[in-house]
Amino acid sequence: MLSVFDKQLLNMIQSDIPFASRPFAVLADRLGVDEALVIDRLCRLKDAGYIRRIGPFFDSGRLGYLSTLVALEVAQAVMPQVVAEVNACLGVTHNYEREGTYNLWFTLLSTDKASQEETLERIAGLPGVKRMLILPATKKFKVNVHFTLE
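Residues numbered from 1 in each chain as written. Predicted model: local features only at pLDDT ≥ 70, side-chain atom pairs only at ≥ 80, totals over all residues. Heavy atoms only, no water.

Colleague: How should the sheet that holds strand β1 (residues 66-74) be read in this particular structure?
Modeller: Picture the strands of a sheet paired through backbone hydrogen bonds; they go either parallel or antiparallel. Within the open sheet, the four strands sit side by side as β2-β3-β1-β4. Their pairing is antiparallel. Strands at the two margins of the open sheet, each flanked by one partner only, are β2 (92-97) and β4 (129-136). Averaged over all pairs of adjacent strands, the angle between their axes in this sheet comes to 20°, without regard to strand direction. With seven bridges connecting them, β1 and β4 associate as antiparallel partners. The partner of Val70 across the bridge, within β4, is Ile134. (Pairing = 2+ DSSP bridges. Helix = DSSP H or I, 4+ residues; strand = E, 2+ residues; numbered from the N terminus. Axes fitted to C-alpha atoms, helices over the stretch in contact; angles between N-to-C directions.)

Shown next, in the form of structure tokens:
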């Protein structure tokens, strides 16, 4: 069960982590507690599965990366192995199993076309991968999700 303090802290870290040498000390000051408590609560919330990651989001296109969405048709018998191989690829940011013919979808960020093609060729050649659909990003529609906990 989340305490009122936990909810306040989770609300803050979603979009308001200060750019400072000790950001958790700044958050602690805002919350009227000490830095050790903030760090302890964040560790506990992460261990409990409420927090997946804490870190920045970068504008990949502005940094020169190519982005593509990829859909795979994968034999169900080898799905765990294919998932592990895809997840091990540098640049894979999201990977989801879905229902339907194309049952594994992931996003891939690449530094250039050649590295993108090399990664996609390697994935397409994995045992159990039947088909691949490559959907390069043409326009970005960024959705900023913020869950307000009360």
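That shown, we press on.
Colleague: Explain helix α5 (residues 113-124) here, please?
Modeller: In an α-helix, one turn spans 3.6 residues, which is why side chains three or four residues apart end up on the same side. Look at α5: 16 Å from first C-alpha to last across twelve residues, which is about the 16 Å you get at 1.5 Å a residue. Along α5, the residues that are buried comprise Gln116, Thr119, Leu120 and Ile123. When α5 is viewed along its axis, its buried side chains cluster within an angular range of 95° and face the same direction. Residues of α5 that are exposed and point more than 90 degrees away from the buried face comprise Ala114, Glu118 and Glu121. (Expected span 1.5 Å × (residues − 1). Buried < 20%, exposed > 50% of the residue type's maximum accessible area, 1.4 Å probe, protein only. Arc of directions from axis to C-beta.)

Colleague: Would you take a moment to explain the pairing of strand β3 (residues 104-110) for this structure?
Modeller: Regular strands place side chains that alternate from one sheet face to the opposite one. With five of its seven residues buried, β3 lies for the most part within the structure. Note that β1 and β3 share seven bridges and pair antiparallel. What sits directly across from Leu69, in β3, is Thr107. Examined bridge by bridge, β2 and β3 share five bridges and lie antiparallel to one another. Looking at the pairing, Asn95 lines up with Phe106 of β3. In sequence, β2 turns back onto β3 through a hairpin of six residues, with Gly100 there showing a positive phi of about 110°.

Colleague: In this structure, what is going on with the environment of Pro127? I would like to understand it.
Modeller: Within the secondary structure layout, Pro127 lies in the loop between α5 and β4. A relative accessible area of 63% means that Pro127 is categorised as exposed. Spatially, the C-alpha atom of Pro127 lies 50 Å from that of Ala28, the residues being 99 residues apart in sequence. Among all residues touching Pro127, those that are not within four sequence positions of it are Val78 and Val82. (Contact = heavy atoms within 4.5 Å.)

Colleague: Please clarify how the packing of helix α1 (residues 4-15) against helix α2 (residues 23-31) should be interpreted in this entry.
Modeller: Each pair of packed helices can be summarised by the angle the axes make with each other and by the distance between the axes. It is the contact of α1 with α2, at a shortest axis distance of 11 Å, that shows an interaxial angle of 130°. Of the possible angle classes, the one that applies to α1 and α2 is oblique. Judged by the twist between their axes, the crossing of α1 over α2 is right-handed. From α1, Phe5, Gln8, Leu9, Met12 and Ile13 reach across to α2, where they touch Leu27, Arg30 and Leu31. Partitioning the contact of α1 with α2 into residue classes produces six nonpolar, one polar and one charged. (Parallel < 35°, antiparallel > 145°, perpendicular 65-115°, else oblique. Left-handed = near helix turned anticlockwise from the far one by under 90°. Nonpolar A, V, L, I, M, F, W, Y, C, P; charged D, E, K, R; others polar.)

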